[in-house]
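Fold and contact review
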Amino acid sequence: MDKPTLLVVDDTPTNIDVLKGVLQDEYRIKVALNGEKAIDIAQKHPDISIILLDIMMPGMDGYQVCNILKSNALTQHIPVIFITAKSSISDEKQGFSLGAVDYISKPIQPDIVKARVKTQ
């Protein structure tokens, strides 16, 4: 059986490596280091099953990326899970209002990440 494809978006390569280590056995992983690249990859690969998206990135932040993805017919169906060090209620509320399906706080807990990705 073919593995589902995940897009991991984070400007910190170490964070990407941790997520890849947790998820690569069950998923194919595509990577973007910034929002512009994430949008480009998502539009070119309609087979992406889920996007793990950091909020705090230089240039276009995760909220902006999510907003663009959710307003584009090619990408609006892809579930977005924010993964971030931001943990206030207002940050979570903003993420959900933009269409995110979940919110995972850093530092990540591998079992939590696997469970939340699997439920989507």
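Right above here is the structure, for reference.
Residues numbered from 1 in each chain as written. Predicted model: local features only at pLDDT ≥ 70, side-chain atom pairs only at ≥ 80, totals over all residues. Heavy atoms only, no water.

A separate point is the sheet that holds strand β4 (residues 80–84). Sheet strands pair by backbone hydrogen bonding; their relative direction is either parallel or antiparallel. If you trace the five strands from one edge of the open sheet to the other, you get β2-β1-β3-β4-β5, paired in parallel fashion. Of all strands in the sheet, those bounded by a partner on one side alone are β2 (28–32) and β5 (102–105). The mean inter-strand angle of the sheet, taken between neighbouring strand axes irrespective of direction, is 25 degrees. In this fold helix α3 (residues 62–70) packs onto β3 (48–53), β4 and β5, with an angle of close to 175 degrees to the strand it touches most, β4. (Pairing = 2+ DSSP bridges. Helix = DSSP H or I, 4+ residues; strand = E, 2+ residues; numbered from the N terminus. Axes fitted to C-alpha atoms, helices over the stretch in contact; angles between N-to-C directions. Contact = heavy atoms within 4.5 Å.)

A few words on the environment of leucine 52. Inspection of the secondary structure assignment puts leucine 52 in strand β3. Along the chain, leucine 52 and valine 80 lie 28 residues apart, while their C-alpha atoms are 6.1 Å from each other.

A large share of strand β1 (residues 5–9) lies buried, amounting to five of its five residues. The two faces of β1 match: Thr5, Leu7 and Val9 on one face and Leu6 and Val8 on the other face are all buried. Direction of pairing for β1 relative to β2: parallel, over a ladder of five bridges. Across the sheet, valine 8 pairs through a bridge with valine 31, a residue of β2. Handedness of the crossover is the feature at issue here: the chain leaves β1, passes through helix α1 (residues 13–23), returns alongside β2, and the resulting connection is right-handed. Across five bridges, β1 lies against β3 in parallel orientation. In the sheet register, valine 9 faces β3, and the bridge partner there is leucine 53. (Buried < 20%, exposed > 50% of the residue type's maximum accessible area, 1.4 Å probe, protein only. Right-handed = clockwise from strand over helix to strand, strands pointing away.)

Turning our eyes to something else, we now look at unusual backbone geometry. For residues other than glycine, phi is negative in most cases, and the peptide bonds are mostly trans. The omega angle of the peptide bond from lysine 106 to proline 107 is -5 degrees, so this bond is cis rather than trans. Secondary-structure assignment places proline 107 in the loop between β5 and α5 (110–119).

Among the residues of helix α2 (residues 35–44), those classed as buried are Gly35, Ala38, Ile39, Ile41 and Ala42. One side of α2 carries all its buried residues, which in axial view fall inside an arc of 165 degrees. Elements in contact with the buried residues of α2: β1, β2, β3 and α3. Backbone nitrogen of glutamate 36 and a side-chain oxygen of the N-cap are separated by 3.2 Å at the start of α2; the cap is asparagine 34. (Arc of directions from axis to C-beta. Polar contact = N/O pair within 3.5 Å; in protein donor to acceptor, adjacent residues only side chain to side chain.)

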